[in-house]
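Overview (structure and organization)
What follows is the residue order along each chain.
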2 protein chains.
Amino acid sequence: MKQSKVTVVDVARAAGVSKSTVSLVLQGSSLVNEATRAKVGAVIRELGYVYNRSAANLRQSKSKIVGIVVNDLTNSFFAELAVGMDMVVQSAGYIQFMANSAENADRQAEVIASMREHGMAGLILSPARGTTAADLRPLVDSGIPVVLVARNVPGLKVSSVVSDGHAGAAAAVRHLLELGHRRIAFLGGFNDTAVFDERMRGFRDALVEAGLDASDELVISSAPSRAGGVAAVERLLAMADRPTAALCFNDAVAFGACDGLRSARIEPGVDFGVIGFDDVIEAKTAVPALTTVSVDPQGMGRRAAQLLLKQINAGSFEPEALVASVRLVVRESCGAAQRMKREAVTA
Amino acid sequence: MKQSKVTVVDVARAAGVSKSTVSLVLQGSSLVNEATRAKVGAVIRELGYVYNRSAANLRQSKSKIVGIVVNDLTNSFFAELAVGMDMVVQSAGYIQFMANSAENADRQAEVIASMREHGMAGLILSPARGTTAADLRPLVDSGIPVVLVARNVPGLKVSSVVSDGHAGAAAAVRHLLELGHRRIAFLGGFNDTAVFDERMRGFRDALVEAGLDASDELVISSAPSRAGGVAAVERLLAMADRPTAALCFNDAVAFGACDGLRSARIEPGVDFGVIGFDDVIEAKTAVPALTTVSVDPQGMGRRAAQLLLKQINAGSFEPEALVASVRLVVRESCGAAQRMKREAVTA
DNA sequence: TTGACAGTTTGGAACGTTCCAATTATTGGA
DNA sequence: TCCAATAATTGGAACGTTCCAAACTGTCAA
């Protein structure tokens, strides 16, 4: 256990050159002679020298660190998002501070401040509920690139990568209409978020477009979780004019809805159509396999990271708003497979 | 968008004091006069000064950064683990580099090297499959505290926090025996990992203890995923002397096993007992609710982080091996609820 | 008036790197 | 032989902080 840190000066002394030369070797400069480079390299390995990046940054003030703050890492959608970012950040030779805000705006503010003190070059933020433009303004004004992902913050002029919730929800509803459903509910999610609003409007617009009922009672909000889905579907089942299908705010809600339906002896995908949103990994292997709007969170994460790195490398930049397109993945829970079977029989 | 960074000297000039005084204020020293402190504080806010922690670390060489490297963030067990660490690291005023190794030992080595260059004070590692003691030796020898979590690396003398897989597996098997099962399988997981080995030995030992068959054919390994569970249960169903219950390597495998059983018109929790391992969040709300060995990953994460911080603060330390105890959470998939119902009828 | 002392404040060196300008060594052409 | 050009190396200042030793203010007792 040797504690003493080896510096560039120690290496220089041992190799019989100046610290400047060692520095050049470290940067892979073409100025230095091949023999010297080899000698210095050998000494570096021998002494177990580790480069001190903070010291370097102090001089050149451009760090290779980005910040990533996510509202809920235990949610697999956001975990995938984070993994996507991780991939491109890592392969660009950057390293990330990464923190979970647990939907707590205060904690989020703290970690962002801390990351700033540690000298991050840019931030990717999947904002906690309740994040305001004012929270982020000082950071943005300081000229550090910020990319918002998955959720937007109204009134803030920064780059963002969000999915096309409106189009996705509308496509899902149209699919249910094609399958013959005429009374469709929207289940789950907190109705004070922008994402909820967007998806819900997609749902409404598609119903109105088809000349169908899109009244408020068809929108049942709840926590955007599996438990929330159970609760929401219970309220749905208690309705007088009961819907025959539902579009859910996200996949967690959809799973919960399936659980709730089963408890009531209603088989999802057979007696009732269920469509989720997000296409989390479990959607494919669940029983029944979940029909859902796929938003490829890893891809979104990758795009967000690419955008951030682009803005870091460009000296100045204009905010860019990317909308990740979305596609309906038809599996079993909507009842499409069931209908095909039925048609095969009647044919 | 003001780019110029404000330094302690700028603050000093604006407040009409020396940089030393500003530094004292920043550190909350009791030496400085109340009026001066207030004045400096005001100027700091006014100029939008942000503390440069790298510069400070350069001088005092003790950073408030820890590294966290996780083998698979998309797996909710490890995501929970990370969130637990995040909690205690954050509230101790530290910030974390966090990276996903995606089970790739090379990538893992790269990010660890990068974190080291950036000056981390300690590392929590949930090692990628195939990590060797040699990979970690240089880091450990340099005196930086390392805590291994969830998985151990044979031959490396560092602290670790792992769950008691042997006891957990044995408890699960005993429960199945109590429910009357006499032929029990072990499903899923790669058989070249230490975790697999430990759980499998717990399984075997409990069977042997009861004087039952614990032969190799009862152990069916596969990928530790939902798909792996489906595959494993298919092989189980093809056996001549078919088991009536199974302990699964983890919850993902258990879910897969349930899916596979259902496809074969066998109802898990009624016709067949299934027990998982890990108690991921979905276990509770799944249908049937999964009986599983709960290892509280968040708690493990918290303990690992606490251990690391303790070692960072103590100048020197001895490696400590923590074994997180484990408890069987009886829900529906094992058939216990079913048996109680049956007993109520016969009574 | 002086000195001791506590309460505050301060200049400057140090941390490990980069980068500029300057220096030295080497080569080749006239 | 000398000069110019090129190749390789180098010393020292700078980055933004901390920390030490020293210095300045008052106050109070002698």
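Residues numbered from 1 in each chain as written. Chains lettered and ligands numbered in written order. Predicted model: local features only at pLDDT ≥ 70, side-chain atom pairs only at ≥ 80, totals over all residues.

Quick look at unusual backbone geometry
All names here are of chain B. Look at Ala150: it is not a glycine, yet its phi comes out positive at around 75°. Within the element layout of this structure, Ala150 appears in the loop between strand S4 (146-149) and strand S5 (159-163). At Asp296, a position not held by glycine, the phi torsion is positive, near 45°. Looking at the element boundaries, Asp296 is found in the loop between strand S10 (291-294) and helix H13 (297-313). (Helix = DSSP H or I, 4+ residues; strand = E, 2+ residues; numbered from the N terminus.)

Side note on the relation of the copies chain B and chain A
Between chain B and chain A, which share one sequence, the superposing operator has a rotation angle of 180° and an axial displacement of 0.1 Å; the RMSD is 0.1 Å. Those values place the two copies in the arrangement expected of a two-fold rotation axis. In terms of C-alpha distance to the rotation axis, chain B has Phe97 of chain B as its closest residue, with the C-alpha 2.2 Å off the axis. Counting the interface residues of chain B, we find that 98% of their copies in chain A are interface residues as well, pointing to one common contact surface. (Least-squares fit on C-alpha atoms with pLDDT ≥ 70 in both. Contact = placed C-beta atoms within 7 Å.)

Let's talk about the protein's contact with DNA strand D
In the neighbourhood of DNA strand D, 27 residues make up the surrounding shell, with Ser18 of chain A together with Thr7, Val8, Ser23 and Asn52 of chain B lying closest. Those elements that place two or more of their residues in the surface near DNA strand D are helix H2 (19-26) and helix H4 (53-60) of chain A together with helix H1 (8-15), helix H2 (19-26) and helix H4 (53-60) of chain B. Counting residues per element, the surface near DNA strand D draws most heavily on H4 of chain B, at five residues. Along the lines of polarity and charge, the residues of the surface near DNA strand D split into twelve nonpolar, eleven polar and four charged. (Near = placed C-beta within 6 Å. Nonpolar A, V, L, I, M, F, W, Y, C, P; charged D, E, K, R; others polar.)

As for the packing of helix H1 (residues 8-15) of chain A against H2 of chain A
Residue and element names in this part refer to chain A. Look at H1 against H2: their axes get within 8 Å of each other, and the N-to-C directions meet at 105°. In terms of their interaxial angle, H1 and H2 are classed as roughly perpendicular. Taken together, the residues of H2 that come into contact with H1 (itself represented by Val8, Val9, Val11, Ala12 and Ala15) are Lys19, Thr21, Val22 and Ser23. When its residues are assigned to classes, the contact of H1 with H2 shows six nonpolar, two polar and one charged. (Axes fitted to C-alpha atoms, helices over the stretch in contact; angles between N-to-C directions. Parallel < 35°, antiparallel > 145°, perpendicular 65-115°, else oblique.)

Here's the deal with the interface of chain B and chain A
Each side of the interface is counted separately: chain B has 47 residues, and chain A has 46 residues. Of the residues forming the side of chain B that touches chain A, the biggest block, seven residues, is contributed by helix H5 (residues 76-91) of chain B. Split by residue class, the side of chain B that touches chain A holds 20 nonpolar, 16 polar and eleven charged.

A short note on the sheet that holds strand S12 (residues 327-329) of chain B
Residue and element names in this part refer to chain B. As summarised here, the arrangement of the six strands in space is S7-S6-S8-S9-S10-S12, forming an open sheet in which the pairing is mixed. Two strands in the sheet have a free side with no partner beyond their single neighbour: strand S7 (219-220) and S12. Where strand S8 (residues 245-248) lies against strand S9 (residues 273-278), three bridges are found, and the strand directions are parallel. Among the inter-strand pairings, Leu247 is bridged to a residue of S9, identified as Ile275. Packed onto the sheet, helix H10 (residues 226-237) meets strand S6 (184-187), S7 and S8 and runs at close to 150° relative to S6. (Pairing = 2+ DSSP bridges.)

Focus on the sheet that holds strand S9 (residues 273-278) of chain A
Residues and elements named next belong to chain A. The six strands lie next to each other as S7-S6-S8-S9-S10-S12, forming an open sheet whose pairing is mixed. Sheet topology places strand S7 (219-220) and strand S12 (327-329) at the edges, where each strand pairs with a single neighbour. Bridging between S9 and strand S10 (residues 291-294) involves four bridges; their strand directions are parallel. Pairing of Asp278 across the sheet is with Ser294, part of S10. Where helix H10 (residues 226-237) meets the sheet, its contacts fall on strand S6 (184-187), S7 and strand S8 (245-248), and the angle it forms with S6 comes to roughly 150°.

Re the protein's contact with DNA strand C
Inspection of the region around DNA strand C gives 27 residues, with Thr7, Val8, Ser23 and Asn52 of chain A together with Ser18 of chain B positioned closest. Elements with a minimum of two residues in the surface near DNA strand C: H1, H2 and H4 of chain A together with H2 and H4 of chain B. No other element matches the five residues that H4 of chain A contributes to the surface near DNA strand C. Residue composition of the surface near DNA strand C, by class: twelve nonpolar, eleven polar and four charged.

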